[in-house]
Amino acid sequence: MTTMNTARLDLESARSTFAVLECLELQAIAYNAGRMAADPKMRAWLRGEGREPSSRNLVSIYAAVRARKQAGGGRCLVEVSEARDDDLIAALPAARAAVADLSARLKKVGATV
């Protein structure tokens, strides 16, 4: 296989991994929004009343944010399509780790994956 074909496969793999990551992020955000809406203490805190609840049981998307930042060459990307191909390929291991992390977290809380 030529270097160009390998690079193309790596880029396709990176794009598909980041697409899966984006879906999992959206699922985690929706889950978190539902949890916050269902928790009266959280709703009160969001209105500026009282202290932040200590047991929020929300799904962290930190790993996804870290992967997006790596793909952006140090700046957090909103749209992965803005990433340079080389940065996107370099961020592939972080994206795969973020997919595994988010999948595990969503399964743990019973959200469908």
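Residue indices follow the written sequence of each chain, beginning from 1 at its first position. Only residues with pLDDT of at least 70 get local features here, since the model is predicted, and only at 80 or more are side-chain atom pairs given and counted; chain-wide, interface and lining totals rely on the full set of residues. Heavy atoms throughout the structure, all of them, feed into the side-chain values; hydrogens and water do not.

### Here's the deal with helix 3 (residues 62–71)
Think of an α-helix as turning once every 3.6 residues; residues three or four places apart then point the same way. Burial classes: relative accessible area under 20% of the type maximum marks a residue as buried, over 50% as exposed, and values in between as partly exposed (1.4 Å probe, protein chains only). Each helix is a run of DSSP H or I of at least 4 residues and each strand a run of E of at least 2, with the numbering of both proceeding from the N terminus. Among all positions in helix 3, only Ala-63, Ala-64, Ala-67, Arg-68 and Ala-71 are buried. On an axial view of helix 3, the arc spanned by its buried residues comes to 140°, and they lie on one face. The arc refers to the directions leading from the helix axis to the C-beta atoms.

### Description of the side chain of Ser-103
Summarising the element assignment, Ser-103 is placed in helix 5 (residues 92–108). As used in this structure description, the phrase polar contact means that two N or O atoms lie within 3.5 Å; if the pair is within protein, one of them must be able to donate a hydrogen and the other to accept it, and residues adjacent in sequence are counted only when both atoms belong to side chains. A distance of 2.9 Å separates a polar side-chain atom of Ser-103 from the backbone oxygen of Val-99.

### Re the nonpolar core
Here, nonpolar core means buried Ala, Val, Leu, Ile, Met, Phe, Trp, Tyr and Cys residues that are tied together by side-chain atoms lying within 4.5 Å of each other. Formed by 25 residues in total, the largest nonpolar core has its most connected members in Phe-18, Leu-21, Ala-67, Ala-71, Leu-88 and Leu-102. At the level of secondary structure, the elements contributing two or more residues to this core comprise helix 1 (3–38), helix 3 and helix 5.

### Here's the deal with the side chain of Ser-13
Examined against the element boundaries, Ser-13 turns out to sit in helix 1. There is a polar contact of 2.9 Å between the side chain of Ser-13 and the side chain of Arg-96. In contact with Ser-13, other than residues within four places in its own chain, are Leu-92 and Arg-96. Throughout, a residue-residue contact means that at least one pair of heavy atoms, one from each residue, lies within 4.5 Å.

### Topic: the pattern of salt bridges
Any carboxyl oxygen of Asp or Glu within 4 Å of a side-chain nitrogen of Lys or Arg constitutes a salt bridge here. For the structure on display, the rule yields 6 salt bridges. Arg-47 is paired through a salt bridge with Glu-49; the nearest N and O atoms lie 3.1 Å apart.

### Looking at the packing of helix 3 against helix 5
Between two packed helices, the angle of one axis relative to the other and the distance separating the axes together describe the packing. Put simply, helix 3 and helix 5 touch, their axes get as near as 8 Å, and they point 165° apart. It follows that helix 3 is roughly antiparallel to helix 5 by the angle criterion. Taken as a pair, helix 3 and helix 5 cross one another with a handedness that is left-handed. Across from Ala-63, Ala-64, Ala-67 and Gln-70 in helix 3, the residues of helix 5 making contact are Ala-94, Ala-95, Ala-98, Asp-101 and Leu-102. Charged residues are taken to be Asp, Glu, Lys and Arg, nonpolar residues to be Ala, Val, Leu, Ile, Met, Phe, Trp, Tyr, Cys and Pro, and polar residues to be all remaining types, Gly included. Across the contact of helix 3 with helix 5, the residue classes break down as 7 nonpolar, 1 polar and 1 charged. Where helices are involved, their axes are fitted lines through C-alpha atoms of the stretch in contact, as for all axes, and angles between N-to-C directions lie from 0 to 180°. Any angle that falls under 35 degrees is termed roughly parallel, while one over 145 is termed roughly antiparallel, one within 65 to 115 roughly perpendicular, and all others oblique. Should the near helix be turned anticlockwise from the far one by less than a right angle, the crossing is termed left-handed; should it be turned clockwise, right-handed.

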